[in-house]
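Below are the chains, spelled out letter by letter.
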Amino acid sequence: MLTRYRPYLQLTPLLLVLLLFVAAPLFFVVIVSFFRTDGFDIQPAFSFENYASVLSSRLTLQLYWQMVEYAALTWAITLFIGFFVAYFLVFHVRNRTVAIGLFLVCTVPFWTSNVIRMISWLPMLGQHGVINSALMAVGLVDEPLRFLLFSDFAVVLAYVHLFTIFMIVPIFNAMSRIDRSLFEAALDAGAGRLKTLLLVVLPLTKSGIALGSIFVVTLVMGDFYVVKVMSGGGSASVVSAMYDDVSTLLFPHAAASAVLLMIVLTVLVALFTRFIDVRQELVSQK
Amino acid sequence: MPKDDVKPESAVNDKATTPTDPSRRAVIKGAAAVATGAALAGVPLTGFPQIMKREIKDITLRHVGVSYAVQRAIGEQASKDLGFKIEMQNLDTSASITRFVTQPNSVDIADMEGWQVKVAMARKIIQAIDSKKIKEFDGILPIFTTGSYEGRKVSRQGISPYEVMYTDAGATKIIEGQRQHLTFLPQVFNADSIGYRPDKVGREVTEWKDLIDPKFKGRAAILDIPNIGIMDAAQALESRGDLVYGNKGNMTRKEIDITIEALIDLKKKGHFRASWSTFEQSVELMASGEVFIQSMWSPAVTAVLEKGIPCVYAPVGIKPNGKEGYRGWCNGMGLMKHLTGKKLDAAYEYLNWYYSGWQGAYVARHGYYSPVPRTAKAHMTPSEFDYWYMGKPAAEVIKSSHSQPIGQVGTVRDGGSLAQRFSNIACWNTVMDENQYMVQRWNEFKAA
Amino acid sequence: MTRAMVRAQRRRDAVPRPWTFYALAAFFTAYVLFLYGPMLCMYVLSFQGPQGALSFPMRGLSLYWFEQLWAGTTGDIGGAIRRSIPLALIVMVITVVFSVAAGLGFRRNVKGSSAIFYAVIISLTAPGYILGIGIGLMFNLFGWPTNWFSSALGAQLSWTLPFGVLITFAVFGRFNAAYEEAAKDLGATPAQTLRLVVLPILLPGIIAIALFGFTLSYDEFARTLQTTGSSNTVPIEIWSMTQNVTSPSIYALGTVTTGLSFLIIGTALGAITLIQRRRSAIGRSH
């Protein structure tokens, strides 16, 4: 009899956290998004003016477009890097312990706070920084390259730097589940290395790629801090605009913006999961 | 000496002591007076009577605010001197006010800027401070208490501390004009202008329009906090002669549009290297040479000097044609509404300690001013006071609070004396009526 | 066989590595260098003298900033670490347990699992900054105090659980239920099946979830900002410091963190290798 209720019990801890720390606060956020702002005070109301303001503003379009650009670039680069790094770790490193060790080496930088790592880009990319000094010493350039820092280049660079690991891990997991005998079978069937990659490895890694993509895109679109620092305030992001609203206590407007972002991202992620049907894969097991 | 003021043991053990008990209030007042007297004489504050220590030694006050106003060293000294615990927590300006408004019970002493006081009052989260309980109230500079300084009325562009300082006993609304009850106690304040590298700029800067001078294309930076950055931009535009603002602290939509369009134009021309939102960023931009001229905070200039790099804070006194002038700001302490009983007493003790001089001297070495210079004076060497407050040339090497030399003998601090700077304030930090519109347009500038 | 004979045998069995190994190894090395680039600047700059700034050129050479870090003069980093690390560990454990449980629960298509799945996605896409404010507001409304071990814990779980749950989906998707049935046929109780069959197979996924859980929690800023109560976690403390100081002591922190991490990892891996060697030695001596 307990077996019938067991799945419910297993889902309960997750459910409780989601109810208390996601559903309930978001309920407040949605309610506030309908309030009116009056100078320094917020008036309870049921008004669509915040949504109207957010949806009709050209700024919203600009910001979303900017973030989509960043997200697309970051996704493409992290996918490329993540795929081949994971491939190397899974298929070319023979000793399991060494693979884990190398993997952990990739994770160590993340245990230094992101704030510090953002700051440390300045000595790297600045005009007296390592890169510029090296380039000038070698003679490739006469003047320091200024676009390295406080630019779109810097923002995407920082995103790739921070988020590739989120692509590597799911792909690593997916690849390590691939049955090695498939390689031998492919070899016997006459497939070269490239063909094996495209026809055997890639399809079986689909779920890992999709998962990594979900992570990376969500992280980029939900960011406010990296854009602020690495673009030197030269670009705005959707969430940094929310941050500016909140700074002067324009909560209703920020709330409406937040609701919009959630809807957009949820739709995006739902599309991804339908594409590889993560849940279906799971549920088809009995 | 203090022991004479202590009531006999039996009265102390009487559980019926409440804050309204007049004899106990007298003791507190006496203790505070003694403490202030001790501070003025330069004596460390150890003379608090036993009654105070026993009653409130288990209290913890949570003081939350920005790290340049709510400094840990101050909290530690206060805890030592007062006998109860002051817990300081640092957040940035935006997170602080959000915290005060959404979680008022989690804070005891709120550190707020002048304009944030308006918000706090509108949301009814602070209580009125009885000025009669503040020993050094008369020592507070008239900029705050009367709105005038050195005979001149302090600028009313933006939100000046004077206009938000007074309220009624129940803290229901802000009232203009001197009253007994206050909304907040000014804590640190300063007058901001432009910082620049004299070795790279090559000449003296005394006008805001130099910030947008095409000569510094790609080497200028502006502040990325919308409601402050726009005022710096307005100062620069007015200085250049583009237009004259009615009230830079409360712009009309048309004025906002003109300002933002000018900023976007400058950005497209590549004038700004970056815009900064934290102290650390502004220092590094200047110290690394990425930027030669930028909106800057005074202690940031001090920090750059500490690294051995020349940096000057432009003296932008108001010219005869009415242009230029500093942008003033003021942080102060507010008492949250939920404070009562012993905790409230402890809070008043803390507020009084703040004005007793140690804190004033400490922040002076960062370049900030204390609202009560006469007590700060007692905790500084005469030459330090002359340098930081009176704008006189340094008689000895001036050291920062980290004991790094920042002013050689004979140098003068930027902007001259306190009097010179504060009688030259053009506008105060603010939040304008058209704030929502302004923030939106500011983000368009950033997205451009 | 002696150890020398084993090694000689291994060398004879060794398959020569294809050229792709070297290409990918180079690629991997480039990635690691990219990851560590800013970190190296950080390590070097943390050894500056008292006049040190956060970028080149180096000013002086000393351990001054390490002393400053230790003394805690410019920020309460020590206190923040004493909160961040336990918090990250707790979040790590809870994330693993709740995610795996949820994964098990999702396997049967129970009523409401769709809703929970979408709630998980929304939890991932919700802007952290706004959600944090919502949680703080809610706690204040209910009269609950906010603390790093209560409200911040919940807020961080709302961030790490979606990662954990999604990874669990991917991992379970490849899970062959035949193993469980086999265990059942052999007479194992559900608890034994779980402990001895399911979990060991899931172990790589579990390690991934644990890694994400710890790292995401330690670096978490947006959701923790308004929910941490009266004491800051490491990212918040460092961020608040940058409002007031420009101190290479944060670089010193990065150097110390990295050093400690490598020490821990090195020790752990060394221990594992030693245990494995001893086990195989014991095996051989029989």
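Conventions and cut-offs
- Residues numbered from 1 in each chain as written.
- Chains lettered and ligands numbered in written order.
- Predicted model: local features only at pLDDT ≥ 70, side-chain atom pairs only at ≥ 80, totals over all residues.
- Heavy atoms only, no water.
- Contact = heavy atoms within 4.5 Å.
- Buried area = accessible area lost by both parts, 1.4 Å probe.
- Salt bridge = Lys/Arg side-chain N within 4 Å of Asp/Glu carboxyl O.
- Polar contact = N/O pair within 3.5 Å; in protein donor to acceptor, adjacent residues only side chain to side chain.
- Helix = DSSP H or I, 4+ residues; strand = E, 2+ residues; numbered from the N terminus.
- Expected span 1.5 Å × (residues − 1).
- Bend = angle between axes of the 7 residues up to and from the residue.
- Buried < 20%, exposed > 50% of the residue type's maximum accessible area, 1.4 Å probe, protein only.
- Pairing = 2+ DSSP bridges.

## As for the interface of chain A and chain C
Consideration 1: On the side of chain C, 112 residues touch chain A, which itself brings 95 residues to the contact.
Consideration 2: The junction of chain A with chain C conceals about 9,700 Å² of combined surface from both sides, 78% of it contributed by carbon and sulfur atoms.
Consideration 3: For the pair chain A and chain C, the number of links is zero salt bridges.
Consideration 4: Across the contact surface, chain A and chain C share seven residue pairs in polar contact (both at pLDDT 80 or more).
Consideration 5: Top contributing element to the side of chain A that touches chain C by residue count: helix α1 (residues 2–32) of chain A, with 18 residues.

## Comments concerning helix α7 (residues 151–173) of chain C
Residues and elements named next belong to chain C.
Consideration 1: Compared with the 33 Å implied by 1.5 Å per residue over 23 residues, the 33 Å span of α7 between its first and last C-alpha is a close match.
Consideration 2: At T160, α7 is bent by approximately 30°, the largest bend along its length, and proline P162 sits one to four residues beyond.
Consideration 3: Burial runs high along α7: 23 of the 23 residues are buried.

## What about the pattern of salt bridges?
Residue and element names in this part refer to chain B.
Consideration 1: Going through the model one piece at a time under the given rule, you end up with 28 salt bridges over all chains.
Consideration 2: D232 is the salt-bridge partner of R327, the closest N and O atoms lying 2.7 Å from each other. Taken together, the residues R327 in strand β15 (residues 326–336) and D232 in helix α10 (residues 226–240) connect sequence positions 95 residues apart.
Consideration 3: Under the relative-accessibility criterion, R327 is labelled buried at 0%.
Consideration 4: Owing to a relative accessible area of 0%, D232 belongs among the buried residues under this scheme.
Consideration 5: With a shortest N-O distance of 3.0 Å, R273 and E290 are connected by a salt bridge. You can see R273 sitting in strand β12 (residues 272–276) and its partner E290 sitting in the loop between α12 (279–287) and β13 (293–296), a full 17 residues away along the chain. Of the two residues, R273 and E290, neither departs from the other in class, the shared state being buried.
Consideration 6: Each of D257, E261, R441 and E444 takes part in a single network of salt bridges with overlapping partners.

## Thoughts on the pairing of strand β3 (residues 109–113) of chain B
All names here are of chain B.
Consideration 1: For β3, the tally of buried residues reaches five of five residues, placing the bulk of the element in the interior.
Consideration 2: Alternating residues of β3 divide into I109, D111 and E113 and A110 and M112, and every residue in both groups is buried.
Consideration 3: Strand direction decides the pairing type here: strand β1 (residues 60–65) and β3, joined by two bridges, are parallel. Residue pairing for β3: V64 is matched across the bridge by A110.
Consideration 4: Two elements, β3 and β15, share five bridges in a ladder whose sense is antiparallel. Bridged to M112 within β15 is G332.

Geometric values such as these leave the question of function open.
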